[in-house]
Protein chains: 2
Amino acid sequence: MQEKILGVLGGVGPLATVYFADLVIKMTEAKTDQEHIPMVILNHASIPDRTAYILDNSKPDPLPVMIADAKRLQADGCSCIVIPCNTAHYFYDAMQASVEIPILNILEETVSYAEKTVPNLRCIGILATEGTVVSGAYQSVIQKHNLDYRLPTKEDQASLMHIIYDQVKAGEKADICEFLRIVGALKKAGCDAVVLGCTELSIIRKDFNLMQPDIVDSMECLARASILFCGKKIKEPS
Amino acid sequence: MQEKILGVLGGVGPLATVYFADLVIKMTEAKTDQEHIPMVILNHASIPDRTAYILDNSKPDPLPVMIADAKRLQADGCSCIVIPCNTAHYFYDAMQASVEIPILNILEETVSYAEKTVPNLRCIGILATEGTVVSGAYQSVIQKHNLDYRLPTKEDQASLMHIIYDQVKAGEKADICEFLRIVGALKKAGCDAVVLGCTELSIIRKDFNLMQPDIVDSMECLARASILFCGKKIKEPS
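Criteria and cut-off values
Residues numbered from 1 in each chain as written. Chains lettered and ligands numbered in written order. Predicted model: local features only at pLDDT ≥ 70, side-chain atom pairs only at ≥ 80, totals over all residues. Heavy atoms only, no water. Helix = DSSP H or I, 4+ residues; strand = E, 2+ residues; numbered from the N terminus. Buried < 20%, exposed > 50% of the residue type's maximum accessible area, 1.4 Å probe, protein only. Contact = heavy atoms within 4.5 Å. Pairing = 2+ DSSP bridges. Axes fitted to C-alpha atoms, helices over the stretch in contact; angles between N-to-C directions. Buried area = accessible area lost by both parts, 1.4 Å probe. Salt bridge = Lys/Arg side-chain N within 4 Å of Asp/Glu carboxyl O. Nonpolar A, V, L, I, M, F, W, Y, C, P; charged D, E, K, R; others polar. Parallel < 35°, antiparallel > 145°, perpendicular 65-115°, else oblique. Left-handed = near helix turned anticlockwise from the far one by under 90°. Right-handed = clockwise from strand over helix to strand, strands pointing away.

**Overview of the environment of Ile203 of chain B**
All names here are of chain B.
- For Ile203, the position within the fold is in helix H10 (residues 199-207).
- Accessibility expressed as a relative area gives 6% for Ile203, which makes it buried.
- Expressed as a C-alpha distance, the spacing of Ile203 and Lys169, which sit 34 residues apart in the sequence, is 9.9 Å.
- Those residues within four positions of Ile203 in sequence are excluded, and the remaining contacts are Leu15, Ala16, Tyr19 and Val168.

**Structural notes on the sheet that holds strand E6 (residues 193-196) of chain A**
All names here are of chain A.
- The parallel open sheet is built from 4 strands, whose spatial order is E5-E4-E6-E7. Of all strands in the sheet, those bounded by a partner on one side alone are strand E5 (148-150) and strand E7 (215-217). Each neighbouring strand pair of the sheet contributes to a mean axis angle of 30°, computed without reference to strand direction.

**Description of the interface of chain A and chain B**
- Taken together, the 37 residues of chain A in the interface contact 37 residues of chain B.
- Across the chain A to chain B interface the summed buried area is about 2,900 Å²; carbon plus sulfur atoms make up 49%.
- At the junction of chain A and chain B, the tally comes to 6 salt bridges.
- With a shortest N-O distance of 3.2 Å, Arg50 of chain A and Asp33 of chain B are connected by a salt bridge.
- Of all the secondary-structure elements, those providing two or more residues to the side of chain A that touches chain B are helix H1 (14-26) and strand E2 (39-43) of chain A.
- No other element matches H1 of chain A, which puts 7 residues into the side of chain A that touches chain B.
- For the side of chain A that touches chain B, a count of residues per class yields 17 nonpolar, 8 polar and 12 charged.

**Points about the packing of helix H5 (residues 106-117) of chain A against helix H7 (residues 137-144) of chain A**
All names here are of chain A.
- Two elements in contact, H5 and H7, have axes separated by 10 Å at closest approach and are oriented at 45°. Judged on the interaxial angle alone, H7 and H5 are oblique. Once H5 is placed against H7, the crossing between them reads as right-handed. Where H5 approaches H7, its residues Ile106, Leu107, Glu108, Thr110 and Val111 are matched on the opposing element by Ala137, Tyr138, Val141, Ile142 and Lys144.
- Classifying every residue of the contact of H5 with H7 by side-chain character gives 7 nonpolar, 1 polar and 2 charged.

**Let's talk about the pattern of salt bridges**
- Going through the model one piece at a time under the given rule, you end up with 28 salt bridges over all chains.
- One salt bridge in this structure joins Asp207 of chain B and Lys206 of chain B, with 3.9 Å as the shortest N-O distance.
- Each of Asp33 of chain A together with Arg50, Lys169 and Glu200 of chain B takes part in a single network of salt bridges with overlapping partners.

**Structural notes on the pairing of E2 of chain A**
- Within E2 of chain A, 5 of the 5 residues are buried, leaving the element largely enclosed by the surrounding structure.
- Covered by surrounding structure in E2 of chain A are Met39, Ile41 and Asn43 of chain A together with Val40 and Leu42 of chain A, the residues of both alternating faces.
- The pairing of strand E1 (residues 6-10) of chain A with E2 of chain A spans 5 bridges and is parallel. Looking across to E2 of chain A, one finds that Leu9 of chain A is bridged to Leu42 of chain A.
- Regarding the hand of the β-α-β motif, the stretch spanning E1 of chain A, H1 of chain A and E2 of chain A is right-handed.
- Direction of pairing for E2 of chain A relative to strand E2 (residues 39-43) of chain B: antiparallel, over a ladder of 5 bridges. Bridge pairing in E2 of chain B places Met39 of chain A opposite Asn43 of chain B.

This is the structure:
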């Protein structure tokens, strides 16, 4: 069997990309360097901000750079592409149409995993950037799975954006109390689980070791899907 | 000024490569995604083992794959190449001869940094793989800087290889007591500092937070050199 190469279209953001690669390596059953999944990672940090463009189409459009990167990963022999950025999935259809290799969909993988692992799941809380929320991407995947969803209040959404942009992306410590207050409010409003639908929130989960099964991490779901796609086994955390 | 792209020839090993990229991002002064250094990372895990080849030239030769990867990074528009693997620097001259862009030399960067930061440095202890030790690469760089060096005893070197291969590369926790016993023995033998001349040892330093100034980490030195080469500022740990 020919070895599968994982193409990572990263840089969105750079830290989340590296954490994603780290997760793939740590979650792959491997005892030597050579047993790991080969990867090509484009950490193209200068891709224009996705949320900025989704909210205001006169801002720089990230799509042309992302399509160029997807084509480069295909030319480099990758077997599939992953984009460790939920917001960038606003452009999923256009990107998938530009290459022949499959692009794994982080939203699909996350909602499917939540459905499989959270008992009696009926309602999911969506924690994501303003861009992802406005695009309605998670809402439509959740509805396709016949599930219900809740969003943070407008005020909590603004606070979440502050945590993502001014704290995590800026390399500062996240305000964990404020973050968990927002999570708690969604649970109180009837959510059986929340999805961390922004890879910067995955970094908070790691930094503060938030491993509850009802906090479903999109980054981890994408890592699982990548490992299985590449024909490797998942090493469950001990 | 045209933006500089950092080419990372990785996979040797995969975990060290990702930790290197993480270090570059965390040590770069940047407040937004777009201010980070763009990177192309080839995490080509299946590159044959370097130490195995250096010790026995009948084993698979990693050089052809590494030269192909270096050329690919050059073709992808990278401004320089870094290899976050000390042992692979056995092939440094052949690799540098195969591309026009510079390859930053982890050994040179490490010994220069030790010289700059450790007061009254005269003697350096070398902690590295059997392949690196046998190749004499660190010994000759240290002598070029008019410094003296010490190696672990034969028994300690075997124990260090066990830590690198059977613990860190295998995804297991390192035996920190044994590791620090080997470091301590080198200091007792007259070393003013030790270099962690193997990127798997850099992972131990991170996992156990060994931030003493007389433990000089080759990975961190390469990250510093990369950031400066790409025209960015270093963010010192707070």
